[in-house]
Amino acid sequence: DTGKAVLTEIATRRDAYMKVRTDLLRRLEAGQELTDTALTKQFQPVLDAYVAAMGKLVELEKSRFDEAVAEAAAVALAIGVVLSWWITRSVVQPLREAGRMVEAVAQGDLSQETHAQGSDEIAHLLRAVSSMTASLKRTVTEVKSSAESIATASGEIAVGNGDLSARTEAQASSLQQTAAAMEE
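Calculation rules
Residues numbered from 1 in each chain as written. Predicted model: local features only at pLDDT ≥ 70, side-chain atom pairs only at ≥ 80, totals over all residues. Heavy atoms only, no water. 1 Å grid on protein atoms, 1.4 Å probe; cavity = no way out; pocket = protein on both sides within 12 Å on 5 of 7 lines; lining within 4 Å. Points joined across faces, edges and corners; volume = space filled by probe spheres on them. Helix = DSSP H or I, 4+ residues; strand = E, 2+ residues; numbered from the N terminus. Nonpolar A, V, L, I, M, F, W, Y, C, P; charged D, E, K, R; others polar. pLDDT = per-residue confidence, 0-100. Phe/Tyr/Trp six-rings, centres within 6.5 Å; stacked < 30°, edge-to-face > 60°. Buried < 20%, exposed > 50% of the residue type's maximum accessible area, 1.4 Å probe, protein only. Contact = heavy atoms within 4.5 Å. Expected span 1.5 Å × (residues − 1).

Counted as a void, the largest pocket has a volume near 210 Å³. Along its surface, the largest pocket is lined by 13 residues, and Pro94, Ala116, Gln117, Ala123 and Leu126 are the ones closest to its centre. Where the lining of the largest pocket is concerned, the elements lending two or more residues are α2 (36-106) and α3 (121-183). Considering every element that reaches the lining of the largest pocket, the biggest residue donor is α2, with four residues. Classifying every residue of the lining of the largest pocket gives five nonpolar, six polar and two charged.

Looking at the protein, the pLDDT average stands at 89 and 100% of residues meet or exceed 70. Confidence scores differ between elements of the protein, with α3 showing the lowest mean pLDDT of 88 and helix α1 (residues 2-29) the highest of 92.

We now examine the packing of aromatic side chains. All chains considered together, the criterion is met by two aromatic pairs. Ring centres of Tyr17 and Phe43 lie 5.6 Å apart, and the angle between their planes is 45°; this geometry places the pair in the tilted category. Of the two residues, Tyr17 sits in helix α1 while Phe43 sits in helix α2, which places them 26 residues apart along the sequence. In terms of burial, Tyr17 and Phe43 fall into one category: buried.

Within the secondary structure, Val6 sits in helix α1. Separated by 116 residues in the primary sequence, Val6 and Ile122 have C-alpha atoms spaced 59 Å apart.

With respect to the helices and strands, the residue Thr133 is situated in helix α3. Ignoring sequence-local partners within four residues, the contact set of Thr133 consists of Met101, Val105, Leu110 and Gln112.

Under the 1.5 Å per step criterion, the end-to-end length of α3 is 90 Å for 63 residues, consistent within 8% with the ideal 93 Å. Those residues of α3 that fall on the buried side of the exposure criterion are Ile122, Ala123, Leu126, Val129 and Thr133. Where α3 is buried, its residues meet α2.

Listed below in C-alpha cells is the structure:
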C-alpha cells in the first residue's frame, strides 16, 4: 500500500533527521561551534529529505481526499437521479390515472374506479375525480330509472287509451243502432 510505504519513508527520514539534530545539539552543548558546512552538509539534507517525505504524505492525502470528493459527488448524483425518477413517477403516474379517468367519463364510460392513497394534492384530485364519477353514475342511474318508469307509464296509458277508444267505438256503434231502431 502506498500509504504504508510513505509512512515508512517518513519514519526513516525522521530517524535520520533526529540523529543529525541530536548530534548537532550535543556539539552545541559541549561548546563546539557549528560551522556553515555542518549545517548545510549534514543537517540541511536530512531536514529536506524529511520535509519531502512529509510532502509526499500531504500529496497522498490530498489525492485521497479528491477521490473521496469525486466518489461522494458520484453518489450524490446517483441519489439525485433516483430521487428525481421517484418523484417524477409519483407525480406523473397519478396524473395519468386522473387523465385516463376523466377521458373515460368524457366518452361515457362510468365504470372506471381508482383507489387514491396519500394526502397530497394528486391523491385529493384522484378522490375528487372518483367521487365525481360515482355521483355522475348515480345521476345517470336515476335518470335511466325515471325514463324506464315514464316508458312503462306511457305504455300503460297507451293500452288504457286503446281500451277507452274501443269502448267509445262500441258505445257509438250501440248508439247508432239504438238511433236506427228508434227511427224505424
